[in-house]
Amino acid sequence: MLYRSTRDVSSDGAAPATAATFEDAVMRGLAPDGGLYVPAALPAGLWEDVRALAPSASFVDVAHIVFRAFVPAAAAEGGIPDPDLRSLLERSFASFSHPDVTPVVPLPRAAPAATATGSAAPPQLNILELFHGPTFAFKDVALQVLGNLFEYFLERRRARSGNAADGEITVLGATSGDTGGAAIYGLRGRRGVRVFILHPRGRVSPVQERQMTSVLDANVHNVAVDGATFDDCQEIVKALFNDAEFRANHHLAAINSINWARILAQITYYFQAARLLDATAPRSLRFCVPTGNFGDVLAGFYARRLGLPVEALVVATNENDILHRFLESGEYTKPGVSLDAAGAAGAAAAVAGSADGGVRMTLSPAMDILVSSNFERAVWHLAADEVSAEGGGAAAAATAATAAGRVRSWMASLATDGGFRVAPAFLARARAAFASARVSDEQTVDAIARYFRAGGYVLDPHTAVGVVAAEQQQQALPTDAAVVVVGTASPGKFPEAVWRAVPREQLAYERFAPRALVVLDGLPLRATVVEVRGESRAERRDSGIAGVRAVIERTV
């Protein structure tokens with residue numbers, strides 16, 4: 001199994017310009033040309049292999065099937081021998097508190113929202129609870145695995161070369177809240193790993209901030225970027241990765257959802273959800289996924305292509321709705337950008353000059369994102385499907401290269417003009433793959449209140465966005481499929497949002513927050529502040545890059 005970049009326009013099927021082994025893809029994160037790694041081919045029949053497991057099979061058993069399909073067993077091919085892979089996965093999920101790791105829980109039936117229209121009954125919703133890991137967020141599922149993969153490959157590199165420097169990396173990532181805590185808990189104390197996590201100061205929840213900055217291990221460095229949004233932090237990270245000399249000197253590695261290993265871990269819980277529901281009612285599934293950087297719903301996209309019977313993947317966005325607007329119009333544009341008839345930007349100045357680039361602060365801060373990085377992978381696959389249909393049997397390598405050319409053009413337009421437009425035929429393909437819904441803060445608060453009144457279940461605000469999207473989809477397109485909302489975090493990470501829906505006097509923090517979050521108050525905290533300065537967005541971006549670069553250089 002080899003991997004190639006979504007922007008690799010070479011058509012040599014044997015060795016595309018960005019050809020990478022699994023080890024390469026994990027350790028690099030981002031391809032040298034700025035694209036994201038995708039597998040050269042997708043294995044067939046994976047869901048049937050998972051479904052054939054005994055009812056007593058564990059989450060690790062499911063994960064082993066998924067990873068084995070994409071990770072060769074030969075170390076010489078950048079793979080992992082079977083006993084090592086099994087051991088690595090067992091260690092990764094040993095810290096989860098639920099025996100199913102990611103259980104499926106039926107929600108109580110709630111009264112419909114006051115704004116509901118139509119006669120469809122409220123659907124029976126199920127929550128795929130992804131928050132039973134050490135930091136109580138869905139990111140734990142992937143980042144516990146990624147931490148172990150980094151450690152495994154670094155140890156192997158040290159053993160091969162005998163040089164300690166070959167077994168060192170600097171992990172650099174940006175977070176809108178949950179990735180940071182999960183990455184830090186997955187990497188703290190790891191030999192040969194230094195981790196720098198950027199977060200937009202004042203734009204993550206207080207609990208998320210304390211969870212990150214209370215970790216005082218010597219290899220962990222929190223960087224609070226003052227005056228920035230998550231997208232700004234993400235741009236800083238990408239700029240440093242695209243600096244070839246800096247990347248090589250500091251052995252940069254990516255922790256964000258662009259890392260392919262994270263997608264594999266996330267595919268696993270879609271299969272796990274289907275297994276848990278299949279035991280009682282074999283049928284298709286509709287997943288509603290709270291979406292920011294697109295990694296979570298992308299995993300569902302892959303799961304369907306690997307055979308999972310998914311009727312629909314619903315992209316649930318908050319008021320930062322670039323994905324919903326794209327699926328409505330075919331235009332993928334930052335706020336304030338308009339495209340002319342030819343698809344060129346007509347007015348990007350509103351975004352370029354604004355301090356926050358158009359990001360709206362909402363009650364679901366992990367989704368307060370303008371540009372969804374992983375969307376590029378889905379676009380590449382849809383482009384490859386389109387090219388294949390047009391070409392009438394063109395070689396796979398030629399198809400991949402042509403698709404990459406289209407992706408490269410779109411991403412260049414996004415970078416320079418703030419957006420791009422796709423043709424109606426491509427939009428139709430995207431709509432066949434994804435539905436979408438946009439959810440306001442008011443609807444989020446209402447959902448938290450309604451489901452608490454219905455049976456005492458406390459939704460976090462991100463999961464509440466998914467619940468409202470599921471209700472809206474049921475009204476628009478009723479289904480007999482099992483409806484699963486991806487539950488992304490413990491409500492204990494967002495008490496302020498919960499208390500907007502349910503008065504504090506009725507719901508004390510200790511009733512809905514894990515003990516580990518309750519005791520964060522009063523712990524010593526540590527973070528380095530980098531101030532973003534300048535009158536234009538470009539000046540602020542450059543000052544942020546310089547500031548973070550300086551922090552890394554004086555620390556490493």
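Above: the structure in question.
With respect to the packing of helix α6 (residues 178-187) against helix α7 (residues 206-213)
Okay, step 1: In contact at an axis separation of 9 Å, α6 and α7 are set at 25° when each is read in the N-to-C sense. By the criterion of interaxial angle, the relationship of α6 to α7 is roughly parallel. For the crossing formed where α6 meets α7, the hand is left-handed. In this structure, α6 uses D178, G180, G181, I184 and Y185 to contact α7, whose residues at the interface are Q208, Q211 and M212.

So, the pattern of salt bridges
Okay, step 1: Inspection of the entire model under this criterion finds 34 salt bridges.
Okay, step 2: Here R7 and E376 are joined by a salt bridge, their closest N and O atoms 2.8 Å apart. On the criterion of sequence distance, the pair formed by R7 in the loop between β1 (3-5) and α1 (22-28) and E376 in helix α14 (residues 375-391) is long-range, its members being 369 residues apart. Neither R7 nor E376 differs from the other in exposure class; each is buried.
Okay, step 3: Its salt-bridge partner being R408, residue D33 comes within 3.9 Å of it at the nearest N-O pair. Of the two residues, D33 is situated in the loop between α1 and β2 (37-39) and R408 in helix α15 (residues 396-417); the sequence distance between them amounts to 375 residues.
Okay, step 4: The exposure class of D33 is partly exposed, given its relative accessible area of 25%.
Okay, step 5: When its relative accessible area of 39% is taken as the criterion, R408 is described as partly exposed.
Okay, step 6: One network of salt bridges, with partners in common, ties together D232, E235, R537, R541 and D542.

So, how was this worked out
In this numbering scheme, every chain counts its residues from 1 along its sequence in written order. Restriction of local features to residues with pLDDT of at least 70 applies here, the model being predicted, together with a cutoff of 80 or more for giving and counting side-chain atom pairs; totals for whole chains, interfaces and linings are based on all residues. Excluded from the side-chain calculation are hydrogens and water; included are all heavy atoms of the structure. Helix axes are fitted only over the stretch in contact, all axes being lines through C-alpha atoms; the angle between N-to-C directions runs from 0 to 180 degrees. By definition, any uninterrupted DSSP run of H or I lasting at least four residues is a helix, any uninterrupted run of E lasting at least two residues is a strand, and each is numbered from the N terminus. In these notes the angle categories are as follows: under 35 degrees is roughly parallel, over 145 is roughly antiparallel, 65 to 115 is roughly perpendicular, and the rest is oblique. By convention, the crossing between two helices is left-handed when the near helix turns anticlockwise from the far helix through less than a right angle, and right-handed when the turn is clockwise. Throughout, a contact is declared for two residues whenever any of their heavy atoms are within 4.5 Å. When a carboxyl oxygen of Asp or Glu is within 4 Å of a side-chain nitrogen of Lys or Arg, the pair counts as a salt bridge. Exposure categories follow from relative accessible area, calculated using a 1.4 Å probe and restricted to protein chains: below 20% of the type maximum is buried, above 50% is exposed, and the middle band is partly exposed.

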